[in-house]
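# An overview of the molecular structure
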Amino acid sequence: PRAAPSPLAASDVLLAEMMHYVRFADAAYATDARQVALRCPVLPSDILASPPPQWLSEPFIPAHFVAIERNKRRLVVCIRGSKELADVLTDLSCERRTLLHSHGHRGMVLAAESLYSRLSSALASFVMQPNPYHIVLTGHSLGGSVAAILTLMLRARGEAWARTRCFTYGASPCIERDLVSMSRECIVSTVLGVDVVPRLSASSLDRLLLSMNHYEWHGHAATHFENTFSSYNVPPALSAWAGASFAIWLNEWFQQSPWTFSLSSTTDRTSRPFHGRRTPQQSTASVPHIMWRASSPDPPEVFLPGRIFHIQHQCRSGDEVLVELASPEDLGDVQPSFWMLSDHGLANINRALIASVRRATLIPSDITYA
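From a predicted model like this one, the values you see are computed outputs, not experimental measurements. (Residues numbered from 1 in each chain as written. Predicted model: local features only at pLDDT ≥ 70, side-chain atom pairs only at ≥ 80, totals over all residues. Heavy atoms only, no water.)

Here we take up the nonpolar core. Leu-123 and Ile-149 are the most contacted members of the largest nonpolar core, which totals 40 residues. If one sorts the elements of this core by residue count, helix α4 (residues 106–127) sits on top with 11 residues. Discounting chain neighbours no more than four positions away, the residues touching Ile-149 are Leu-99, Met-108, Val-109, Ala-112, Cys-174 and Ile-175. (Core = buried A, V, L, I, M, F, W, Y, C linked by side-chain atoms within 4.5 Å. Buried < 20%, exposed > 50% of the residue type's maximum accessible area, 1.4 Å probe, protein only. Helix = DSSP H or I, 4+ residues; strand = E, 2+ residues; numbered from the N terminus. Contact = heavy atoms within 4.5 Å.)

Here we come to the packing of aromatic side chains. Applying the stated criterion across every chain, the model contains four aromatic pairs. For the ring pair Tyr-21 and Phe-24, a centre distance of 5.5 Å and an interplane angle of 40 degrees mean the geometry is tilted. Of this pair, Tyr-21 and Phe-24 both sit in helix α1 (residues 12–27), three residues apart, which is roughly one turn of that helix. With respect to burial, Tyr-21 and Phe-24 carry one shared label: buried. Here the aromatic rings of Tyr-21 and Phe-167 are separated by 5.3 Å at their centres, their planes lie at 15 degrees, and the arrangement is stacked. You can see Tyr-21 sitting in helix α1 and its partner Phe-167 sitting in strand β6 (residues 165–169), a full 146 residues away along the chain. You can call Tyr-21 buried: its relative accessible area is 0%. The exposure class of Phe-167 is buried, given its relative accessible area of 1%. An aromatic cluster is present here, built from Tyr-21, Phe-24 and Phe-167 joined pairwise through their rings. (Phe/Tyr/Trp six-rings, centres within 6.5 Å; stacked < 30°, edge-to-face > 60°.)

We now examine the pairing of strand β4 (residues 102–105). Pairing geometry for strand β3 (residues 96–99) and β4, over four bridges, is antiparallel. If you follow Arg-96 over to β4, its bridge partner there is His-105. (Pairing = 2+ DSSP bridges.)

Burial runs high along strand β2 (residues 74–79): six of the six residues are buried. Of the two faces of β2, the one holding Arg-74, Val-76 and Cys-78 and the one holding Leu-75, Val-77 and Ile-79 are both buried throughout. When strand β1 (residues 64–69) meets β2, the two strands line up antiparallel, connected through six bridges. By the bridge assignment for β2, Ala-67 is matched with Val-76. Hairpin connection, β1 to β2: the antiparallel pair is bridged by four residues, and Arg-73 has positive phi, about 50 degrees. Relative to strand β5 (residues 134–140), β2 is paired through six bridges, and the arrangement is parallel. Within the sheet, the bridge partner assigned to Ile-79 lies in β5 and is Gly-139.

At the junction of Ser-50 and Pro-51, the peptide bond is cis and its omega measures out at 0 degrees in the coordinates. Within the secondary structure, Pro-51 sits in the loop between α2 (33–39) and β1. Of note in this structure, Ser-141 is not a glycine but carries a positive phi near 60 degrees. With respect to the helices and strands, Ser-141 occurs in the loop between β5 and α5 (142–155).

Moving on, we come to the side chain of Ser-189. Looking at the element boundaries, Ser-189 is found in strand β7 (residues 187–192). Sequence-distant contacts of Ser-189, that is, excluding residues within four places in its chain, are made with Thr-168, Leu-304, Pro-305, Arg-307, Ile-308 and Phe-309.

Quick look at the pattern of salt bridges now. All told, the structure shown has 12 salt bridges when counted by the stated rule. Among the salt bridges present, the one from Glu-17 reaches Arg-165, with a minimum N-O distance of 2.8 Å. Note that Glu-17 is positioned in helix α1 and Arg-165 in strand β6, a separation of 148 residues in sequence. Looking at Glu-17, the relative accessible area reads 11%, which means it is buried. Taking relative accessible area as the criterion, Arg-165 reaches 29% and is therefore assigned partly exposed. Its salt-bridge partner being Glu-84, residue Arg-80 comes within 2.7 Å of it at the nearest N-O pair. (Salt bridge = Lys/Arg side-chain N within 4 Å of Asp/Glu carboxyl O.)

Fair warning: the whole summary comes from geometry, so function is off the table for now.
This is the structure:
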């Protein structure tokens, strides 16, 4: 049986910082300095004027600003998540682009390069002081991924930048495996429940579509969704009706979707359903590709950066448990759920983070169970 979680006092500082910088990630959605001051503990005068804040995004340049935490001698780079069409273009540029000694998500690396060019000189003037400021980057969703990549780029500048850190919330996978270990030294990623974004990449969408293509919608899906409803204390009759209805609707949608033809023409529907990551023995010829160049034989595998703290819902008790994952692969692939979008909301992440910290429950990745 699983042992009861116990609080870890040594993590109190980290938890406090996670709760502190989620307010700055939220402030990145502000449209002026006054709104920033209402969302996080800085004054309008604490927002760096040069370079000026950018409240609207451009292609591969997300909205952002830099705030000064004078009492902590920190500069906080706040990067906004997806809100405009320009952000969507960044999200959908899923090809590979060189990042340090490896690669990352092309759109997000381009965005980080743009911010590096725009901000690095101003940040350096604070970092190189005799009593230096330290840099903290934060962001939600797309903003978190760009912040993570920019953190790795800044730390590569040398020893003076070694204390640069990053806190992300609901960020998306953005770096390849070679950079995962390095990212754990400086990045903390928070994920709530079944949030779709931290699990969503070209390769995970690839696996989801293949799995959907093998699914027997009128039977297996109805049972699955009925069980999902009942786990949230929905009356049994309503659970059965809702599960069947939703499964039938999904079946009709999938049969009419533009993906169906390519899936049906390339994949043997009678073969064993595919779950999890593709192994080297599995043929890539039977796998659909919809978001990357046709010249690419396989979608690039990217991972969520940093130490990953997963806030897990405890549905029947109403509690949340904060679990540190040993690997980004432990987060798993996209889990279709009615909560996959609401769990991405920053307000919901903030509430769940507060609830889990109040419960003082943090399970390390190396914990052993009886």
